[in-house]
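As a plain string of letters, each chain reads:
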Amino acid sequence: MLDSYAREVDYLRVSVTDRCNLRCKYCMPAEGIESLGHTQILALEEIVRLVRVAARVGIRKVRLTGGEPLVRRNITDLVAQIAAIPQITEIALTTNGVLFADLAAELKAAGLTRVNFSLDSLEPDCFHYITSRGNLIDVTGAIAKALALGLAPVKINTVVMKGINDHEILAFVRLAKEMPLHVRFIEFMPVGDLPFYQTDRMVSVSEIKAIIAQQYDLYSGPAVQGNGPAKCYQINGGLGSIGFISAMSDHFCSECNRLRLTADGKLRGCLFGKQEINLKMALQNGASDEKLAHLFSKAIREKPRCHHMSEGWGADNKRKMYQIGG
Ligand SMILES: Nc1nc2c(ncn2[C@@H]2O[C@H](COP(=O)(O)OP(=O)(O)OP(=O)(O)O)[C@@H](O)[C@H]2O)c(=O)[nH]1
Ligand SMILES: C[S@@+](CC[C@H](N)C(=O)[O-])C[C@H]1O[C@@H](n2cnc3c(N)ncnc32)[C@H](O)[C@@H]1O
Ligand code: SF4
Ligand code: SF4
């Protein structure tokens, strides 16, 4: 379905949980997180019903995210049930990878199409520092497993932070050159009013490109399969590719194609907007599929033209990235 700015909205990002087994400094504080209770989050059957209804208004691609989607119990059943909805042509996952290796084969058998991994450092100590508790080897093992299972294209999301991991930019490019991995450098966004965010920790895409240009020529090539905002480039002789997600310096809102469903059942037209439609409440009040479809259409019609992130997150905006589904 087209929104008010003639953008085709066919992509739904579903946050299946606000919980996570890591504490990446750019996303969650290390201590003091209060998770939603079981009764507050959408049941798996409710998620499946909402995706089925969303398909009626034109949603064709679904991405499971969070929090960490793989900490949600019975996630494989959810994948299988969404994959069984005839209009849904793609079901993808964004994960930190920690639990992926053990679940990979069953997720693929259930119908998972592809997977994006968050990986911000290739150095064990730096990785542990950024994630507050993670082991790099779990994630590299998970990535190897995804490649072995042919869940291609396998993408890597790397949030670049000045003085933290910006010295590894060229190492990530080398990784994308030597392996069939699609590394996307992401600008650090001030999502969720986090104390760790500082304007001078953000490294812009143009700064990242200047560092890469010291050693590599990037050139435009065939687009990598995807529905997201990354701009993709090839490396001479490379097996993978490099992408840039310039959420801050050059936002991509004019091409936005997505809605977001939060773990507690709120439908959002924009990652940064404050407007939400309470689908959990509608479900509890016995809403029919027609009524729910109407609410999805309303979210699409009222999708904002673009974000206003430079104005800050707003003290009244209590939402965090891990609650919205990054
Ligand atoms: N500003 C903004 N950033 C987004 C949006 N969607 C994704 N991002 C950023 O892009 C990163 C990568 O997103 P992924 O979850 O891997 O999904 P994707 O890029 O849509 O996936 P592909 O379909 O593989 O292109 C996220 O972590 C966010 O930082 C969005 O709608 N707005
Ligand atoms: C919130 S996580 C959820 C999925 C999963 N736990 C993971 O880490 O891939 C989704 C994505 O959001 C990104 N993200 C979180 N906080 C961010 C921030 N402040 N700026 C930019 N990207 C951020 C992460 O890098 C990750 O790729
Ligand atoms: S980015 Fe993903 S893995 Fe890291 S804390 Fe946020 S939800 Fe967890
Ligand atoms: S900031 Fe909002 S409008 Fe812009 S791309 Fe992200 S979700 Fe879409």
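The preceding data block contains the structure.
Residues numbered from 1 in each chain as written. Chains lettered and ligands numbered in written order. Predicted model: local features only at pLDDT ≥ 70, side-chain atom pairs only at ≥ 80, totals over all residues. Heavy atoms only, no water.

### A word on the layout of surface pockets
Convention followed: A cavity here means a set of points on a 1 Å grid, drawn over the protein atoms and nothing else, where a 1.4 Å probe fits but cannot get out; a pocket is an open set with protein on both sides within 12 Å along at least five of seven lines, and a residue lines either one if it has an atom within 4 Å of a point. Grid points are joined across faces, edges and corners, and a volume is the space filled by probe spheres set on the points. When residues are sorted by character, Ala, Val, Leu, Ile, Met, Phe, Trp, Tyr, Cys and Pro go into the nonpolar class, Asp, Glu, Lys and Arg into the charged class, and all the rest, Gly among them, into the polar class.
Space inside the second largest pocket adds up to approximately 260 Å³. Every residue along the wall of the second largest pocket is listed here: Thr17, Asp18, Arg19, Leu36, His38, Ile41, Ala43, Leu44, Val71, Arg72, Arg73 and Asn74. Grouping the constituent residues of the lining of the second largest pocket by class yields five nonpolar, three polar and four charged.

### Quick word on the site of ligand 1
Condition: We call a residue near a molecule or strand as soon as one heavy atom of that residue lies within 4 Å of the molecule or strand. In protein, a polar contact requires one atom able to donate a hydrogen and another able to accept it; more generally it is a pair of N or O atoms within 3.5 Å, and residues adjacent in sequence count only if both atoms are side-chain atoms. Per-residue and other accessible areas follow the Shrake-Rupley method at a 1.4 Å probe size, with only the shown protein chains counted as cover for residues. Helix and strand assignments come from DSSP, with helices taken as H or I runs of at least 4 residues and strands as E runs of at least 2, each series counted from the N terminus.
Taken together, 23 residues form the shell around ligand 1, and within it Arg13, Thr94, Lys155, Asn227 and Arg258 come nearest. Asn116 has a polar side-chain atom sitting 2.8 Å from an oxygen atom of ligand 1. Measuring from a nitrogen atom of ligand 1, one finds a side-chain N or O atom of Arg258 at 2.5 Å. In isolation ligand 1 offers 630 Å² of accessible surface; the protein chains occlude 94% of this area. Mapped onto the shell around ligand 1, the elements with two or more residues apiece are strand E1 (11-15), strand E4 (114-118), strand E5 (154-160), strand E6 (181-187) and strand E10 (258-261). Split by residue class, the shell around ligand 1 holds nine nonpolar, seven polar and seven charged.

### A few points about the pairing of strand E9 (residues 241-245)
Put simply, the rule is: Only protein chains enter the accessibility calculation, which uses a 1.4 Å probe; a residue whose area is less than 20% of its type maximum is buried, one above 50% is exposed, and one in between is partly exposed. Note on pairing: DSSP must find at least two bridges between two strands before they are called paired.
Counted residue by residue, E9 has five buried out of five residues, so it is predominantly covered. Alternating residues of E9 divide into Ser241, Gly243 and Ile245 and Ile242 and Phe244, and every residue in both groups is buried. Across five bridges, E6 lies against E9 in parallel orientation. From the neighbouring strand, Ile186 faces E9, where its bridge partner is Ile245. Inspection of the sheet shows strand E8 (residues 231-235) paired to E9 by four bridges, in the antiparallel sense. In the strand pairing of E9, Lys231 is matched with Phe244. Between E8 and E9, which pair antiparallel and follow one another directly, the connecting turn spans five residues, one of which, Gly237, has a positive phi of 70 degrees.

The values reported here are purely geometric and, on their own, carry no functional implication.
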